[in-house]
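# Inside the fold
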Amino acid sequence: MGKILKNFITFSWLLFLGLVLVLAGFSTLMLVFHDIPGMIRTGFAGTTAGFSIFGTLSFVVMITGFVPLFRRCYYIFPWLYPFTTMLMINLFIAALAEFILGQGFSVTDSQRYEITICLMIIMVIICRFIMSLYFKIRPIVYQRDDR
Amino acid sequence: MNEIKKDSTDKQPIQGDLLQNRELNQNAAPTENRQYNNTYYNSGFVNNLENTSEKQSRDISYNNSFTKRIKQGAWVFLAIILVGLFYTSNISTSAKVDNSPAAQEALESHISTTLAPGTRLLSKDGNYVGGDVVINHSSEQQETNLLVWDYAAEDGDYVQIIANGTPLGEPFMIKNKPVSFTVPTTGDIQVVGTHDGGGGITYAVHYGMNNTTYFNGVNQGENNTYTLIRE
């Protein structure tokens, strides 16, 4: 009975985590293809909600990592952990880009716009380079004999 | 993502097979700290516990590199959340809504001499459109401090301040945290609504000469004029 309950909890959390990851992906796409281009096109910053979304979803991912019952999701699908990590990092980079644009576009000035856009592009490149380097040095490897 | 697959389901110890598989995997994580015993695991299920105590087997699965990696990631996310909470509480410009009786009175009268600059009255913009204001004062100062902020939601409202026909900087986004300007104590101070982020451009101005806050609103492209008259 205990095992059935544990499995039920794990699979329920797995479904919930799946929804969270779908939301993370959708948010990243919205930031990259809607919010950021909208700010650049209009020249005005709006409400920047990227970090709020990232913080909320990070809480769920953090709980998944700490609680053993929830962590079993990563053992059931070994690809899930690197997928989650990459998705959250991408969301963080998009949220940071939106934040930089929001700060730079808070004053209407064409020169400030150019500097802000350049800073954003440089930040994205550097962050993705750091991410790639990190996973090159410390790849996430799951071996079946780890269980 | 690398994964080692096992073909054998034999219950005999296969430590040698594990070593062979490890050599084939060029991108394997460091395995120096991994401790093998006579027990092997097939698809996550323990098949042979005869030579190892159940506690030892639990310790091994608890301390494996993949689990450690997951926990490290969880700690990183926790650190990020704590940094975010610190930023929200200390650095963020967003303020909490004031529901005190003085705030309620200011919301109705659109003027206050008791509320502090930077007071937020609404959680959302209320589409309020005010008008021009004539301010009579007895201050003998030539210049005074003008504070401008958004007393509702930070939704991307932009205004520009023009003092006696001279723009004081470019249009800027008003937030809950006041922005300060130095303006003359006589003449016309215009607040031009440059961009409406939604729900109308709601702003508040506080004049230091009479210590009074005016909660106003303007449509995009229009302006409110504050005529300052020294008595």
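In what follows, the accompanying structure is described. (Residues numbered from 1 in each chain as written. Chains lettered and ligands numbered in written order. Predicted model: local features only at pLDDT ≥ 70, side-chain atom pairs only at ≥ 80, totals over all residues. Heavy atoms only, no water.)

### Re unusual backbone geometry
Residue and element names in this part refer to chain B. One non-glycine residue, asparagine 164, lies in the positive phi region at around 50°. Within the element layout of this structure, asparagine 164 appears in the loop between β6 (158-163) and β7 (166-167). Look at asparagine 164 and you get partly exposed, because its relative accessible area is 44%. With a phi angle near 50°, asparagine 211 is a residue other than glycine that sits in the positive phi range. By the secondary structure assignment, asparagine 211 is in the loop between β11 (201-207) and β12 (212-218). Classification of asparagine 211 by relative accessible area gives partly exposed; the value is 43%. (Helix = DSSP H or I, 4+ residues; strand = E, 2+ residues; numbered from the N terminus. Buried < 20%, exposed > 50% of the residue type's maximum accessible area, 1.4 Å probe, protein only.)

### Some points on the environment of isoleucine 53 of chain A
Residues and elements named next belong to chain A. Along the chain, isoleucine 53 turns up in helix α2 (residues 50-66). Of the residues examined, isoleucine 53 reaches a relative accessible area of 29% and is grouped as partly exposed. Distance in space between the C-alpha atoms of isoleucine 53 and serine 27 is 7.8 Å, their sequence separation being 26 residues. Isoleucine 53 has contacts with Ser27 and Leu91, leaving out every residue within four places of it along the chain. (Contact = heavy atoms within 4.5 Å.)

### What to know about the packing of helix α3 (residues 68-76) of chain A against helix α3 (residues 65-91) of chain B
For the pair α3 of chain A and α3 of chain B, the least separation of the axes is 11 Å and the interaxial angle reads 125°. Classified by the interaxial angle, the pair formed by α3 of chain A and α3 of chain B is oblique. Pair α3 of chain A / α3 of chain B crosses with right-handed handedness. Each of Arg71, Tyr74 and Tyr75 of chain A in α3 of chain A lies in contact with α3 of chain B, whose residues at this interface are Phe66, Thr67, Ile70 and Lys71 of chain B. Partitioned by chemical class, the residues of the contact of α3 of chain A with α3 of chain B number 4 nonpolar, 1 polar and 2 charged. (Axes fitted to C-alpha atoms, helices over the stretch in contact; angles between N-to-C directions. Parallel < 35°, antiparallel > 145°, perpendicular 65-115°, else oblique. Left-handed = near helix turned anticlockwise from the far one by under 90°. Nonpolar A, V, L, I, M, F, W, Y, C, P; charged D, E, K, R; others polar.)

### Brief notes about a nonpolar patch on the surface
Residues and elements named next belong to chain A. On the surface, Ile122, Ile126, Phe129, Ile130, Leu133 and Ile137 cluster together to form a nonpolar patch covering roughly 610 Å² of accessible area. Take leucine 133: it is sitting in helix α5 (residues 110-137). Look at leucine 133 and you get partly exposed, because its relative accessible area is 41%. (Patch = residues over 30% accessible without salt bridge, like charges linked within 9 Å, V, L, I, M, F, W, Y side chains within 5 Å. Areas by Shrake-Rupley, 256 points an atom, 1.4 Å probe, with all protein chains shown as cover. Salt bridge = Lys/Arg side-chain N within 4 Å of Asp/Glu carboxyl O.)

### A word on the side chain of threonine 202 of chain B
All names here are of chain B. Tracing the sequence through the fold places threonine 202 in strand β11. Judged by its relative accessible area of 0%, threonine 202 is buried. A polar contact of 3.3 Å, which involves the side chain of threonine 202, links it to the side chain of aspartate 125. For threonine 202, the residues in contact, after removing those within four places along its chain, are Asp125, Gly126, Trp149, Asp150, Tyr151, Ala152, Asp157, Ile174, Asn216 and Gly217. (Polar contact = N/O pair within 3.5 Å; in protein donor to acceptor, adjacent residues only side chain to side chain.)

### Some thoughts on the packing of aromatic side chains
With the rule as written, the count across this model stands at 21 aromatic pairs over all chains. Aromatic side chains tyrosine 81 of chain A and phenylalanine 66 of chain B sit 6.0 Å apart centroid to centroid with 90° between the ring planes, which places their arrangement in the edge-to-face category. Pair noted here: tyrosine 81 of chain A is in helix α4 (residues 80-104) and phenylalanine 66 of chain B is in helix α3, and the two residues belong to different chains. (Phe/Tyr/Trp six-rings, centres within 6.5 Å; stacked < 30°, edge-to-face > 60°.)

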